[in-house]
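Structure at a glance
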Amino acid sequence: LLAIGLTVYFSGQFVSPLKKLEGAMAKVGRGDYSVEVEYKKKDELGRVFDFFNRMLQGLREKELLKKSLGKVVHRDVVEHMLENRLSLGGETVYATILVCDLRGFTRLSSQLPPKLLVTLLNEYFTAMVEIIERHGGIVDKFMGDAIMAVFGHPYSMEDQEDVALDAATEMLEACERVNSNMQLEQGFVLENSIGVHSGYVLAGNIGSPDRMEYTFMGDAVNIAVRLEEVTRSLDIRLALSSEVCTKLKQNTHSPVKVGTRKFPGSWEEIDIYTC
């Protein structure tokens, strides 16, 4: 009877709390960080529970940081940075760069009330970002009213040129839908144009040890920017380099050559195509 009594007593003192802890750990293993276990006694088991709760709080903060950082940097880039540690440096990668800009935005911003302008921009950027990410690209940065997106990094794509072109086509169409949804009058409508180029870029953390930014740099980025700019003089809204067109695999794309340009800083002329 004494043995049975001691078994029941120690079961209540140790086994039940440990089962509670086991259940909480199983939830954490499934990604549920909202759990918290209570144990009021200040014994050895109490210290274990206290350590578990403090560890869980640290996991919550890390998850919140990842979610918050994911709004500034794409979640795939966040994972890539965490895997390789946050330090200065980079790597040379082959990627497809897409640059999308709004035409006449300076004039538009001077004529629209600030509140309406911000609402319009948020509606537009939301549509553009959704298309880019749905096609597997990442938004590298916003440059005023321009967007720079990258396809093929941090995860490689076999058909990154086709995917980038599909995204670009949808982005042009989505701009028209934003105009329709916002019921903008003539003279206040948004019109975007896009340049797409593939090449080797430097991808990595640029800056100082105390303040850095994960970004992409290189001649391929500059050419993509120049391609977007040249759409105005060529009276087109989508400009592709020959590097992109020669690697297209889908038969649905039918690029047409519209000109040749030698951009500042470039050693050779670049054939320009549109769809």
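Model, not experiment: these values are computed from the prediction.

Parameters at a glance
Residues numbered from 1 in each chain as written. Predicted model: local features only at pLDDT ≥ 70, side-chain atom pairs only at ≥ 80, totals over all residues. Heavy atoms only, no water. Phe/Tyr/Trp six-rings, centres within 6.5 Å; stacked < 30°, edge-to-face > 60°. Helix = DSSP H or I, 4+ residues; strand = E, 2+ residues; numbered from the N terminus. Buried < 20%, exposed > 50% of the residue type's maximum accessible area, 1.4 Å probe, protein only. Core = buried A, V, L, I, M, F, W, Y, C linked by side-chain atoms within 4.5 Å. Contact = heavy atoms within 4.5 Å. Polar contact = N/O pair within 3.5 Å; in protein donor to acceptor, adjacent residues only side chain to side chain. Expected span 1.5 Å × (residues − 1).

1. Regarding the packing of aromatic side chains
By convention here, two paired aromatic rings are described through the distance between centres and the angle between planes. Under the criterion given, the structure shown has three aromatic pairs. An angle of 70° between the planes, with centres 5.1 Å apart, marks the rings of Tyr94 and Tyr200 as edge-to-face. One end of the pair, Tyr94, is in strand S1 (residues 89–102); the other, Tyr200, is in strand S4 (residues 192–207), with 106 residues separating them in the sequence. On the basis of relative accessibility, which here comes to 60%, the residue Tyr200 falls in the exposed class. Summarising the aromatic geometry, the rings of Tyr124 and Phe125 are spaced 5.5 Å apart at their centres and angled 55° between planes, so their arrangement reads as tilted. Each member of the pair, Tyr124 together with Phe125, is buried. An aromatic cluster of at least three residues, connected via ring pairs, comprises Tyr124, Phe125 and Phe142.

2. As for the nonpolar core
Leu98, Ile194 and Val196 are the most contacted members of the largest nonpolar core, which totals 39 residues. Taken together, the elements giving at least two residues each to this core come down to S1, helix H4 (105–111), helix H5 (114–134), strand S3 (146–151), helix H6 (160–181), S4, strand S6 (238–241) and helix H8 (242–245). Discounting residues that sit within four places of it in the chain, Ile194 has contacts with Leu98, Val99, Cys100, Ala168, Met171, Leu172, Glu228, Thr231, Arg237, Leu238 and Ala239. If you look at the next biggest cluster of nonpolar residues, it comprises 14 residues, including Ile97, Ile138, Ala203 and Ala224.

3. Description of the side chain of Thr231
Summarising the element assignment, Thr231 is placed in helix H7 (residues 219–234). Only 2.6 Å separates the side chain of Thr231 from the backbone oxygen of Glu228, close enough to count as a polar contact.

4. Comments concerning the environment of Val99
Relative to the assigned elements, Val99 resides in strand S1. A C-alpha to C-alpha distance of 5.8 Å links Val99 and Ile147, two positions 48 residues apart in sequence.

5. Description of H7
For H7, built from 16 residues, the straight-helix expectation of 22 Å at 1.5 Å per residue is met to within 8% by its first-to-last C-alpha distance of 22 Å. Looking at H7, one finds that the buried residues are Ala220, Val221, Ile223, Ala224, Leu227, Glu228, Val230, Thr231 and Leu234. One or two steps after H7, the chain reaches Asp235, where phi turns positive at roughly 60°.

6. Considering unusual backbone geometry
With a phi angle near 60°, Asp235 is a residue other than glycine that sits in the positive phi range. Positionally, Asp235 belongs in the loop between H7 and S6. A residue is classified by how much of its surface remains accessible, and Asp235, at 68% relative accessible area, is exposed.

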